[in-house]
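Close look at the chain arrangement
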Amino acid sequence: MDVLSDAVTAMRAGTPHSIRHRLYAPWGMGFPPIEGGGFHIVLQGSCWLIPPRPDPPLALSAGDVVFIRGRHSHGLADSPSTPLTALESLTGETPLGRVRGEGSGAAATLLCGAYMLDQSRAHPLMSHVPQIVHLPAQVGRHPSLRTAVELLGSELARPQPGAGAVIPALLDTLLLYILRAWMERESRHGRTTGWITALNDSSIAAALTAIHQDPAHPWTVEELGTRAGLSRAAFARRFTALIGQPPLTYLTWWRMTTAARLLRESDAPLRIIAAQAGYSSEIAFAAAFKRQYGLTPGRHRRRPGVPAGEVSRFPA
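To keep things clear, this report deals only with the structure shown in the data block. Nothing here was measured: the structure is a model prediction, and the numbers come from that model.

The rules we used
- Residues numbered from 1 in each chain as written.
- Predicted model: local features only at pLDDT ≥ 70, side-chain atom pairs only at ≥ 80, totals over all residues.
- Heavy atoms only, no water.
- Salt bridge = Lys/Arg side-chain N within 4 Å of Asp/Glu carboxyl O.
- Helix = DSSP H or I, 4+ residues; strand = E, 2+ residues; numbered from the N terminus.
- Buried < 20%, exposed > 50% of the residue type's maximum accessible area, 1.4 Å probe, protein only.
- 1 Å grid on protein atoms, 1.4 Å probe; cavity = no way out; pocket = protein on both sides within 12 Å on 5 of 7 lines; lining within 4 Å.
- Points joined across faces, edges and corners; volume = space filled by probe spheres on them.
- Nonpolar A, V, L, I, M, F, W, Y, C, P; charged D, E, K, R; others polar.

**Quick look at unusual backbone geometry**
In this model, Ala 25 is joined to Pro 26 through a cis peptide bond whose omega is 0°. A cis amide bond, omega 10°, links Arg 53 with the succeeding residue Pro 54.

**What about the pattern of salt bridges?**
In the structure shown here, the tally under the stated rule is four salt bridges. Residue Arg 238 is joined to Asp 201 by a salt bridge in which the shortest nitrogen-to-oxygen separation is 3.3 Å. Here Arg 238 is found in helix α8 (residues 232-243), whereas its partner Asp 201 is found in the loop between α5 (194-200) and α6 (202-213), with 37 residues between them in sequence. The class for Asp 201 is buried, based on a relative accessible area of 16%.

**Here's the deal with empty space enclosed by the protein**
In this structure the tally under the stated criterion is two cavities of 30 Å³ or more. Taken as a whole, the largest cavity holds about 50 Å³ of empty space. Around the largest cavity sit Val 8, Arg 12, Gly 14, Thr 15, Pro 16, Tyr 115, Met 116, Leu 117, Asp 172 and Leu 175, which together line it. Elements with a contribution of two residues or more to the lining of the largest cavity: β10 (107-116) and α4 (163-188). When grouped by side-chain class, the residues that make up the lining of the largest cavity number six nonpolar, two polar and two charged.

**So, the layout of surface pockets**
Taken as a whole, the largest pocket encloses approximately 310 Å³ of empty space. Forming the walls of the largest pocket are 19 residues, and the residues nearest its centre are His 17, Phe 31, Ile 34, Leu 87 and Ala 114. Counting residues per element, the ones that place at least two in the lining of the largest pocket are β1 (17-24), β3 (36-44), α2 (87-91) and β10. Of the residues forming the lining of the largest pocket, the biggest block, four residues, is contributed by β1. Taken together, the residues that form the lining of the largest pocket break down as eight nonpolar, ten polar and one charged.

What follows is the structure, given as structure tokens:
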């Protein structure tokens, strides 16, 4: 798996969902804060994004994509002056995918969705994503993102057999395409720092890929430096400068993050999880896990209602 996929997988906490809206002015929808992120796509017409104060309203046109990260209430409306109605009130008894405004003015078709992302186990890559990512429609730009939008919109407009499996898969794909498009734009405008720079650095990206593909391997700084095509010292300096932690510190953090997720989301025996985390001994794994989390793997697994990685935050 690549680092971007891993970053999203590490945070995933539940099934994403989406609704297709057909609205007629005047209309205004208020979205409550969610534990994760949400997106809005204008398929037809236009509208306004009402972000959290003090940010000003943002005009959206057909083809625009907006991603909102973190727990922030916001709204969409035909005009900045239109009052917002809570989304729950708008849906009422209307079937999902067929929400309709009560007005008689200009029409707009929107695709809105939400991702349940556990911020407590966020990969540091995600910390660089701003609260609001606006990707304006541009002819010829991000064709894969546009294709995913069209496929998802079609599935929601005319559900077919298998939609229950197709729609979540398309939503996961859409999120990755949104993040890809944002990273590409930042790189194009020279606004890359930290993790984005690291993923665009062929040497450091090669080392990160090696760690994520095989975290159980007994990596050494010298071996990772060889993968990166750098000397041991040069690799360690560059990795630490971009990632914020030395290579083996990051390796240990990722191993424990992966192990914590497996403990909470699978019933695999402890010896299997220990091996996947790079430990040949359950005792050694348990000791390392307790140093990282403050409790044993067994107690972590048995804690009710606590997502994996709840206390595993990447060091600042």
